[in-house]
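Structural description and commentary
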Amino acid sequence: MPYLAKILLYPVKSLDGVEVEKARVLASGALQHDRELAIFDEQGKFVNGKRHAKIHLLRAQFTLLNRTISLQIPGGDSQQIFHLDDNRQALEATLSDYFEFAVTLRQNSLMGFPDDTRSPGPTVISTATLTEVASWFPGLSVDEIRRRMRANIEIDGVSAFWEDRLFSEQGDLVSFRVGDVDLFGVNPCQRCIVPTRDSYLGEAYPNFQKIFATQRQATLPNWVASSPFNHFYRLSVNTQLPPSSAEKILQINDEVDILL
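**Some points on helix 2 (residues 127-135)**
- Among the residues of helix 2, those classed as buried are Thr 127, Thr 129, Leu 130, Val 133 and Ala 134. Taken down its axis, helix 2 places every buried residue within 160° of arc, on the same side.

Have a look at this one:
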């Protein structure tokens, strides 16, 4: 039986995630605290892994209940602890010093800052898929692939690429349920440059995207809807949630069912 094995939230977009036992669904369909904050430059552009590989070197730990971040700056002697609300200016100053240009933190408690604003629900992947993808890259662990893919919910008790059942031909949604939370699978997530880099050091893995796309195509199950694959550098599933799921809770060990 498919079940929810992990929930990962990323309180500040592009920084480290935090594993939780349960997560509340917002009215927008996003998970509370996920990508709630994001770093911006003076031009209003994201300071993220796509544009600044240096961000991979930052280590962050979050205490969601207290709304604090413990930030380790490369070369620093110790972690610096900031309250995400009360100490925001000090946190911005520390990050500005690190990036060597002025940055600000913006907050969106209603939807966060997802890459796909039309599908702001949690991204879905299976543990077996992460294991399979790790096997394509000598030297990379399952946890490293997990850190690179940055999915929100991880399903176990299934075979590799099971989550590809959660989308259909372009324009069609697939209904599924996790515990008592209803979701719609939309499409396979288009990956960016971030998974090609070491999640701790920012160093590129040679030919990562080419290897990935070749292997993804070769291992694509024959039952998978083909129209969403204009290319094969896609993994995990983007979702939307109906209004009826608002305020409900996703919890570890919830059963997962595809609704016909």
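**A word on the side chain of Arg 191**
- Counting through the fold element by element, Arg 191 comes out in the loop between strand 12 (181-190) and helix 4 (208-219).
- The side chain of Arg 191 sits in the buried core without any salt bridge; Asp 115 is the nearest counter-charge, 7.0 Å away.
- A distance of 2.7 Å separates the side chain of Arg 191 from the backbone oxygen of Met 149, its partner in a polar contact.
- Among residues more than four places away in sequence, those in contact with Arg 191 are Arg 148, Met 149, Tyr 233, Arg 234, Leu 235 and Ser 236.

**So, unusual backbone geometry**
- A positive phi angle is found at Glu 247, which is not glycine, with a value near 75°.
- Tracing the chain through its elements places Glu 247 in the loop between strand 13 (234-240) and strand 14 (249-251).
- For Asn 253, which is not glycine, the phi torsion reads 80° and is therefore positive.
- Tracing the backbone shows Asn 253 in the loop between strand 14 and strand 15 (256-258).

**Some points on helix 3 (residues 142-149)**
- Burial within helix 3 is extensive, with 6 of its 8 residues counted as buried.
- The complete set of buried residues in helix 3 reads Glu 144, Ile 145, Arg 146, Arg 147, Arg 148 and Met 149.
- Looking at the packing, one finds that the buried side of helix 3 touches strand 1 (3-9), strand 5 (59-63), helix 2, strand 10 (153-156), helix 4 and strand 13.
- Where helix 3 ends, the next residue or the one after it, Arg 150, has phi of about 55°, a positive value.

**Notes on the pattern of salt bridges**
- A complete count under the given rule lists 18 salt bridges for this structure.
- In this structure, the salt-bridge partner of Asp 164 is Arg 216, at a minimum N-O distance of 2.9 Å. Taken together, the residues span a long stretch of sequence, with Asp 164 in the loop between strand 10 and strand 11 (174-178) and Arg 216 in helix 4 at a distance of 52 residues. We note that Asp 164, like Arg 216, is buried.
- What emerges from the salt-bridge pattern is a single network uniting Glu 36, Arg 67, Asp 85 and Arg 88.

Rules of the game
Residues numbered from 1 in each chain as written. Predicted model: local features only at pLDDT ≥ 70, side-chain atom pairs only at ≥ 80, totals over all residues. Heavy atoms only, no water. Buried < 20%, exposed > 50% of the residue type's maximum accessible area, 1.4 Å probe, protein only. Helix = DSSP H or I, 4+ residues; strand = E, 2+ residues; numbered from the N terminus. Arc of directions from axis to C-beta. Lys, Arg positive; Asp, Glu negative; His and termini not counted. Salt bridge = Lys/Arg side-chain N within 4 Å of Asp/Glu carboxyl O. Polar contact = N/O pair within 3.5 Å; in protein donor to acceptor, adjacent residues only side chain to side chain. Contact = heavy atoms within 4.5 Å.

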